[in-house]
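# Understanding the architecture of this molecule
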Amino acid sequence: MSATDTGGRVSQFGSAVAEGWTRERFGLLGAVALILIAFGPPFQVYLFTDFLVVALFALGFNLLYGYTGLLSFGHGLFYAGGAYGIAIVLRDLGPVFADVVGAGISPLVTFVVGGVVGLALVVVVAVPVGWLSVRLEEIYFALITLAFGMLGYSLIIQDPAGLTNGTDGVIVLLGTVDLGGVSIRVGGRRLYYVISAITVVAATYGVWRIVNSPFGTVCKAIRESPDRAGALGIDVRHHRWMTFIVSAAIVGIAGVLRAGLASVASPGLTHWSTSAIAVIATVIGGATYFSGPIVGAFIFLYIRWGISRFPALEAYWELFFGALLIAVVLFFKQGAVGGLHLLRDRLVGDGGGGGAAEAGSRATSAPDEATESSDDDARTDRGDTS
Amino acid sequence: MSFTSLVPLIGISDVVIGLSLGSRLFLIAVGLSLIFGVLGVLNFAHGGFYMLGAYVTLAVVSNVIDNFWVAAAAGALAVGVVGAAIELSAIRRLYNRVDSDLDQLIVTFGFVLVIHETVRFIWGSGSYSIDPPDVFNFSVALGGSTFNAYRLVVIGLAVAVLVGLWLFITRTYFGSLVRGTSSDREMAAMLGVDVPRLYTGVFFLGSVLAGLGGALSAPLQATSPALGDQVIIDAFIVVVIGGLGSMSGAFVGAMLIGMMQSLGPQFISAGSIAIPFLAMVIVLLLRPEGLFGGIGE
């Protein structure tokens, strides 16, 4: 690059950031931000919780799409599975727990047990659904997951077993924890934000460990070429099945949090239009990056909120996302995170700041890489540290 | 006998309603199937096209000319033009990508949102309906039940479209180009077929069929912006059961689903809306090429 004075200084700043701002510092900064948000205005706390839940939903979805190359249009099934699991436990077993552990702490115990039950329910559903779905690929995989999702939707709506309360859904009452005179509503915005933030951060870290483990490497190998992966001795179908189950479980955790946030487990969660939210967020954020779904969910939630501030536009936010989706797929497949990488390379002038935004994944890489190779890197770096 | 006890339940009107529901499904599914068979694109926006056809027809009837048939033709053509524009501007850019299938599905899903919101912007969220054309707007009494004669017209037109398409694909020069390109695009291109133009043409034709389906069913249903999302899922079920790319499969699948929608609730109360999805899953697993598989049949 042409080393003009300003360019040079920006570049120096970039290198300094790359040298000094390690993964730990970024982690600390993120943690401080998360804590500060808990003291924000109630609506902002709610909106940010909403973002965290959608981000986890999209992150779980992207384990299958971005990392393994399978596009599911039925992950709403697992989102709803988690939500209905906890909602039904709270409705039917809440009083039972109150008897066992005492009324004071029972809402919290019930919430935790309900969450575990919701997650278990999702895994129980995902094992057979995944086993059948991974028999198919590409368009056919998208169609069969769509069919499974809508099958679940139909069953929840018609409620043959008398569990799901039809189109009305199941109301979620989180209750109030009462500890020696101090009572806190579990569903209160700030406490619920704290619960969600801890859960989402932990789950995100789990997913990050998975995609950077040998398991995740095999996923990427399958995405790049199923045939070659098979030739290397990988049982492609089995690995896709396992990824499907993990992906569903992550989405299930998001579903559990969604139920408490929305105070209802509604059949709409299973509908394909809910599954599509994960697709929109992931594609806009950049499916090939680990942080893509998170950034995409952020854009999705906050732009939607921004649009809703203008009454004239409020009803038409889908138009914006439809157009954005088309533009991203047609012209800039790397999505928002890819855009941020490009922007960073422009500003820094080399790959020095590499991955700083990516949870510090490449914070220690050599600062004097050529622009050429770092551009190339940004395109092939699918969110892994390699 | 248990059979005789079932007979009074099925009125002829139920059968006619089922077949007319199947006919509108056929018109959208056959276009979807044709586009997939030739271009390899699963067009998520096809339900939106169908809805757009219904809206344009309603708008033309109430604002421009009070003739249903002219309006229906205008609706179908307008949708064809929209479809061709989408193919030219967006889908065309994706044919040569490695993972083009999924990108195409996502882009056409983007158009689902765009069409849905555009329709809502122009016509609002309410639902519209019109009467069938006067000539056919009378009740037919048959076997102790009544139905509107217009339903028979829709069924007849669907059959005519099936026969016409079949003749077009198997008997005409353009049809042979379509079949050739469908089975081997590179070879067809080398033999001098203008593949990009053919693709646009097929997308136009498939869109016209969806628009026609919407236009013809405007008098039979309430037209609202949610229509597209409902009908595309039914169309997916139909093309999967009939076989993606198969025209006769689309016809049989559409009639099957139409009859199921009309008669199903009378026999199975709980879980009846789940059955088409269950059928879709089973067909995808056991016979992914569909019950009547084979491209271009």
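Residues numbered from 1 in each chain as written. Chains lettered and ligands numbered in written order. Predicted model: local features only at pLDDT ≥ 70, side-chain atom pairs only at ≥ 80, totals over all residues.

### Here we look at the overall build of chain B
Our working rule: Working definition: helices are DSSP H or I runs of at least four residues, strands are E runs of at least two. Numbering for both runs from the N terminus. Atoms counted for the radius of gyration: C-alpha only. Globule rule: 2.2 Å times residue count to the power 0.38. With C-beta atoms placed from the backbone, a residue counts as buried when 20 or more other C-beta atoms lie within 10 Å of its own, as exposed when 12 or fewer do, and as partly exposed for counts between those limits.
Helix and strand counts for chain B stand at 12 helices and 2 strands. Taken from the N to the C terminus, the helices and strands of chain B come in the order α-α-α-α-α-β-β-α-α-α-α-α-α-α. Taken against the 2.2 N^0.38 rule, which gives 19 Å for 297 residues, the C-alpha radius of gyration of chain B at 19 Å falls within 12% of a compact globule. Sorting the 297 residues of chain B into buried and exposed places 52% on the buried side.

### Remarks on the overall build of chain A
Quick note on the threshold: By definition, residue pairs are in contact when their C-beta atoms, positioned from the backbone, come within 7 Å.
Summing up its helical and strand segments, chain A has 16 helices and 4 strands in all. Sorting the 386 residues of chain A into buried and exposed places 49% on the buried side. Taking contacts inside chain A between residues at least 6 apart in sequence as the whole, the part at least 24 apart equals 77%.

### Quick look at the interface of chain B and chain A
The cut-off we apply is this: The residue classification treats Ala, Val, Leu, Ile, Met, Phe, Trp, Tyr, Cys and Pro as nonpolar and Asp, Glu, Lys and Arg as charged. All others, Gly included, are polar.
The interface of chain B with chain A comprises 34 residues on the first partner and 35 residues on the second. Secondary-structure elements contributing two or more residues to the side of chain B that touches chain A are helix H5 (100-123), helix H10 (227-242) and helix H12 (275-286) of chain B. Here the residues of the side of chain B that touches chain A sort into 24 nonpolar, 4 polar and 6 charged.

### Notes on the nonpolar core
Selection criterion: Each nonpolar core comprises buried Ala, Val, Leu, Ile, Met, Phe, Trp, Tyr and Cys residues, the members being joined through C-beta atoms within 7 Å.
A:Val54, A:Leu56, A:Ala147, A:Ile250 and B:Ala29 are the most contacted members of the largest nonpolar core, which has 207 residues in total. In terms of residue count, helix H2 (residues 12-39) of chain B provides more of this core than any other element does, 16 residues in total. Not counting residues up to four positions away in its chain, the partners in contact with A:Val54 are A:Ile277, A:Ala281, A:Ala297, A:Phe300 and A:Leu301.

### Some remarks on helix H10 (residues 236-262) of chain A
The criterion, for reference: Expected helix span is given by 1.5 Å per residue-to-residue step, counting one fewer step than there are residues.
With 27 residues, H10(A) should cover 39 Å at 1.5 Å per step; its first-to-last C-alpha distance of 38 Å lies within 8% of that length. Phi for A:Ser263, located one or two positions after H10(A), is positive at around 60°.

### Structural notes on the packing of helix H12 (residues 292-308) of chain A against helix H15 (residues 335-348) of chain A
Residues and elements named next belong to chain A. Convention followed: Axes here refer to lines fitted to C-alpha atoms; in helices the fit is confined to the stretch in contact. Angles between the N-to-C directions go from 0 to 180 degrees. In what follows, roughly perpendicular refers to angles from 65 to 115 degrees, roughly parallel to angles under 35, roughly antiparallel to angles over 145, and oblique to any angle outside these ranges.
At a closest axis distance of 7 Å, the pairing of H12 and H15 adopts a crossing angle of 105°. Looking at the two axes, H12 sits roughly perpendicular to H15. Seen from H12, the contacting residues are Gly 292, Val 295, Gly 296 and Ile 299; seen from H15, they are Gly 335, Ala 336 and Val 337.

### A closer look at unusual backbone geometry
Residue and element names in this part refer to chain A. Of note, Glu 138 is a non-glycine position whose phi angle comes to about 50°, a positive value. The topology assignment puts Glu 138 in helix H6 (residues 138-158). Assessed through the 16 C-beta atoms surrounding it within 10 Å, Glu 138 is described here as partly exposed. Phi angles above zero are rare outside glycine, and Ser 263 is one such case at about 60°. Residue placement: Ser 263 occurs in the loop between H10 and strand E4 (264-265).

### Here's the deal with the confidence of the model for chain A
Short version of the rule: A score from 0 to 100, pLDDT tells how confident the predictor is in each residue.
Considering every residue of chain A, the mean pLDDT works out to 79; 84% of them sit at 70 or more. Within chain A, helix H16 (residues 371-380) of chain A has the poorest average pLDDT of any element, 36, and H10(A) the best, 91.

### Quick look at the confidence of the model for chain B
All names here are of chain B. On average, residues of chain B carry a pLDDT of 82, and 92% of them reach 70 or more. Taken together, the stretch residues 1-8 has pLDDT below 50 and engages in 0 contacts with residues farther than four places along the chain or on a different chain. Prediction confidence for the complex, expressed as pTM and ipTM, is 0.83 and 0.86 respectively.

### Some details on the packing of helix H3 (residues 42-65) of chain A against H12(A)
In helix packing, the relevant descriptors are the interaxial angle and the interaxial distance, both defined with respect to the helix axes. Residues and elements named next belong to chain A. The following threshold applies: For any helix crossing, the convention is left-handed if the near helix is rotated counterclockwise from the far helix by under a right angle, and right-handed if that rotation is clockwise.
Contact geometry of H3 with H12 gives a least axis separation of 8 Å together with a crossing angle of 140°. Accordingly, the angle class assigned to the pair H3 and H12 is oblique. Regarding H3 and H12, the two cross each other, and that crossing is right-handed. Here H3 contributes Leu 47, Asp 50, Phe 51, Val 54, Ala 55, Ala 58, Leu 59, Phe 61 and Asn 62 to the contact with H12, which in turn contributes Gly 292, Pro 293, Ile 294, Gly 296, Ala 297, Phe 298, Phe 300, Leu 301 and Trp 305. A breakdown of the residues in the contact of H3 with H12 according to their chemical character gives 14 nonpolar, 3 polar and 1 charged.

### Focus on the environment of B:Asn137
Residues and elements named next belong to chain B. Relative to the helices and strands, Asn 137 resides in the loop between H5 and strand E1 (139-142). Using a count of 13 C-beta atoms within 10 Å as the deciding quantity, one classes Asn 137 as partly exposed. For the pair Asn 137 and Ser 62, spaced 75 residues apart in sequence, the C-alpha to C-alpha distance is 18 Å. Those residues in contact with Asn 137, other than ones at most four positions away along the chain, are Asp 131, Pro 132, Asn 148 and Tyr 150.

### Re the environment of A:Ile198
Residue and element names in this part refer to chain A. With respect to the helices, strands and loops of the structure, Ile 198 is situated in helix H7 (residues 189-211). The class for Ile 198 is exposed, based on 11 C-beta atoms found within 10 Å. Spatially, the C-alpha atom of Ile 198 lies 9.6 Å from that of Leu 34, the residues being 164 residues apart in sequence.

### Focus on H5(B)
Residue and element names in this part refer to chain B. For H5, spanning 24 residues, the distance from its first C-alpha to its last is 34 Å, which sits close to the expected 34 Å at 1.5 Å a residue. A large share of H5 lies buried, amounting to 18 of its 24 residues. Within two residues after H5, Gly 124 carries a phi angle of roughly 80°, on the positive side.

### As for the pairing of strand E2 (residues 176-179) of chain A
Residue and element names in this part refer to chain A. Applied cut-off: At least two DSSP bridges between two strands are required for those strands to pair.
Strand direction decides the pairing type here: E2 and strand E3 (residues 182-185), joined by 4 bridges, are antiparallel. What sits directly across from Thr 176, in E3, is Arg 185. The turn linking E2 back onto E3 is made up of 2 residues, and Gly 180 within it adopts a positive phi angle of 50°.

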